[in-house]
Amino acid sequence: MGDPRQPAIVGFAHSPVVRHTDVPLGALTIQTALAAIEDAGLGVKDIDGFTTGALFPSSGGGAVADGEHTVTSDWLVERLRVQPRWLAGFQGVGQLPGAVILASNAIAAGAADYVLVHRAMYNPPRRYHENPMREAAGSDQWTAPHGLWGPPSQMALAYMEYVQRYGATREEMAAVVVEARRNGARIPWSHWYGRPLDGQDYLSSRMVADPISVLDCDIPVTGVGAFVLASADRASDRPHRPVYVAGHAQGRWRSANSLDFWALDDIYEGGAATASALWRSTGWGPGDVDLPQVYDGFSPMVYFWLEVLGLCPVGEAHRLAAAGGLSTEGDLPALSGGGALGNGRMHGVPQMLECYLQLSGRAGERQLAGMERALACQSTPNFGGVVAYSSTPR
Amino acid sequence: MVRSWTVVHTAFLPGFDPYVPYVVAVAELVEQSRLRFTARLAQGATPALRYGAAVETVFDDSGGVAVPLLSLVDV
């Protein structure tokens with residue numbers, strides 16, 4: 001063995017993904033956390049580290065209650081009645097990679113041996129991005145008085161810029177969304193289980209902020225994913241084959257533009273910085289990746305991630321998708337886990353889980369051959385994060 | 001000049017429902033590349049709206065507050 005403190009995933013659990021649930025989110029999180037710990041062949045008392053990225057995604061709602069609309073690690077350890085050696089929360093976006101990076105660093109430093117990383121997502125009963133504001137102050141004054149509000153229209157501005165520069169079409173994007181839903185339909189806990197989509201469904205879907213239609217957006221859901229990470233020396237004793245954290249990077253690009261305004265150049269310049277940090281961290285290049293699970297909370301992010309990671313030339317991802325290049329049977333199975341479009345708005349859980357399932361050989365009938373190196377991306381390349389996974393230790 | 005736009009069909013803010021669908025455009029200053037701002041487009045969705053089209057600022061006073069709009073120069 002190389003590095004005994006290299007972090008590795010040793011178990012997982014996933015709740016059903018539903019629109020709304022009668023089970024309180026906190027209870028669902030406890031159940032899922034306990035199931036993940038059991039999956040790793042461990043007991044609650046073995047877990048000496050906890051972390052999550054708990055940032056509540058919806059704006060315009062009422063006060064956020066811990067255990068109801070979000071679940072922090074502090075809330076969870078109190079209910080599990082444990083006192084871990086190490087506990088932390090990730091504050092920003094790219095919540096799941098952020099939490100995994102915290103956990104990885106804690107394990108590498110010896111601050112914890114077994115860390116539970118969870119992500120609890122809540123779908124509010126009202127519209128996700130509804131905002132009752134009557135006056136706009138601060139940075140909102142540049143967007144809200146013009147009727148520009150919420151991620152769908154922000155993403156539409158970046159996507160339209162891509163469409164105009166590179167000649168991308170709606171028919172090409174249909175291939176992305178259909179592939180995500182085809183794969184998500186095969187995942188039992190997915191909101192879309194058994195419900196694939198055809199291209200005509202996509203092309204006739206309702207526009208929210210043209211060119212973003214309702215099917216370009218992941219559907220808001222309630223659900224929980226949980227993973228147990230351990231140091232490599234302990235991981236090898238677990239019941240399932242470990243999947244090792246091989247590197248990571250976070251997008252912390254600073255632009256002169258408001259955070260509420262997404263310009264394509266910001267995404268690509270910030271994304272280039274994220275990608276070079278990833279290759280420095282892993283020692284890999286784009287050609288070394290078998291399973292790039294790109295983020296797809298909005299469908300155009302698939303193009304952005306593929307291109308900033310150098311998996312295809314800038315401006316070409318739409319052609320690659322239309323030619324079937326992202327198919328699970330092809331060279332670049334970027335949507336094999338269904339992503340957010342194929343599972344529901346689980347904020348990076350589908351990407352991380354697919355890396356784990358394929359590299360540990362636990363994907364069942366969806367298992368792909370020869371998967372050794374994978375990437376799990378979340379959020380945009382300039383703000384979000386990416387974690388690299390390997391089937392073998394360093 | 002116009003760098004991007006979206007046709008908003010669902011406004012998530014109060015007061016905008018009577019305007020849907022409306023166009024929010026991104027303008028970049030000719031005098032300073034990458035300096036951009038967003039505003040509604042006076043003409044709405046029109047075939048004349050193209051990447052790189054020239055726009056100027058006009059003001060809509062109809063709501064009792066002056067709101068800047070972008071307006072296509074060559075229509």
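Right above here is the structure, for reference.
Here goes a summary of the coordinates provided. (Residues numbered from 1 in each chain as written. Chains lettered and ligands numbered in written order. Predicted model: local features only at pLDDT ≥ 70, side-chain atom pairs only at ≥ 80, totals over all residues. Heavy atoms only, no water.)

**Some thoughts on the nonpolar core**
Residue and element names in this part refer to chain A. If you look at the biggest cluster of nonpolar residues, it comprises 68 residues, and the most contacted ones within it are Tyr303, Phe304, Trp305, Leu306, Leu309, Leu326 and Leu375. For Leu306, the contacting residues outside a window of four places in its chain are Val294, Leu311, Cys312, Ala317, Leu326, Leu332 and Ala334. Ranked by size, the runner-up nonpolar core spans 39 residues in total, among them Phe12, Val349, Ala374 and Val387. (Core = buried A, V, L, I, M, F, W, Y, C linked by side-chain atoms within 4.5 Å. Buried < 20%, exposed > 50% of the residue type's maximum accessible area, 1.4 Å probe, protein only. Contact = heavy atoms within 4.5 Å.)

**Quick look at the interface of chain B and chain A**
Across the contact, 24 residues belong to chain B and 33 residues belong to chain A. Buried surface at the junction of chain B and chain A, both sides included, amounts to about 2500 Å², of which 56% is carbon and sulfur. In this structure, the connection of chain B to chain A is made through three salt bridges. Here Arg36 of chain B makes a salt bridge to Glu161 of chain A, at a shortest N to O gap of 2.6 Å. The element contributing the most residues to the side of chain B that touches chain A is strand β1 (residues 2-8) of chain B, with six residues. Two elements, strand β5 (residues 207-210) of chain A and β1 of chain B, share two bridges in a ladder whose sense is antiparallel. The residue bridging Asp210 of chain A from the neighbouring strand is Val7 of chain B, located in β1 of chain B. (Buried area = accessible area lost by both parts, 1.4 Å probe. Salt bridge = Lys/Arg side-chain N within 4 Å of Asp/Glu carboxyl O. Helix = DSSP H or I, 4+ residues; strand = E, 2+ residues; numbered from the N terminus. Pairing = 2+ DSSP bridges.)

**A closer look at empty space enclosed by the protein**
Residue and element names in this part refer to chain A. Enumeration according to the criterion identifies three cavities of 30 Å³ or more in this entry. For the largest cavity, the calculated volume is near 60 Å³. If you trace the largest cavity, you find it lined by His14, Ile187, Trp189, Gly337, Asn343, Pro350, Leu353, Glu354, Leu357 and Arg366. Per-element accounting of the lining of the largest cavity gives the leading share, four residues, to helix α12 (residues 349-360). A per-class count over the lining of the largest cavity returns five nonpolar, three polar and two charged. Contributing to the lining of the second largest cavity are Leu96, Pro97, Gly348, Gln351, Met352, Ala376, Cys377, Gln378, Val387 and Tyr389. Of all the secondary structure elements, the ones that give two or more residues to the lining of the second largest cavity are α3 (95-109), α12, β10 (373-378) and β11 (385-390). At three residues, the largest contribution of residues to the lining of the second largest cavity is made by β10. Grouping the amino acids of the lining of the second largest cavity by side-chain chemistry returns seven nonpolar, three polar and no charged. (1 Å grid on protein atoms, 1.4 Å probe; cavity = no way out; pocket = protein on both sides within 12 Å on 5 of 7 lines; lining within 4 Å. Points joined across faces, edges and corners; volume = space filled by probe spheres on them. Nonpolar A, V, L, I, M, F, W, Y, C, P; charged D, E, K, R; others polar.)

**Observations regarding the pattern of salt bridges**
All names here are of chain A. The tally for this structure, following the rule as stated, stands at 23 salt bridges over all chains. Across the pair Glu78 and Arg79 runs a salt bridge whose closest N-O atoms are separated by 3.8 Å. Here Arg165 and Asp265 are joined by a salt bridge, their closest N and O atoms 3.1 Å apart. Taken together, the residues Arg165 in helix α4 (residues 151-166) and Asp265 in helix α8 (residues 264-282) connect sequence positions 100 residues apart.

**Describing the side chain of Gln6 of chain A**
All names here are of chain A. The residue Gln6 is located in the segment before β1 (7-14) in this model. A residue is classified by how much of its surface remains accessible, and Gln6, at 1% relative accessible area, is buried. A polar contact of 3.0 Å, which involves the side chain of Gln6, links it to the backbone oxygen of Val245. Those residues within four positions of Gln6 in sequence are excluded, and the remaining contacts are Ala230, Ser231, Ala232, Tyr244, Val245, Ala246, Pro393 and Arg394. (Polar contact = N/O pair within 3.5 Å; in protein donor to acceptor, adjacent residues only side chain to side chain.)

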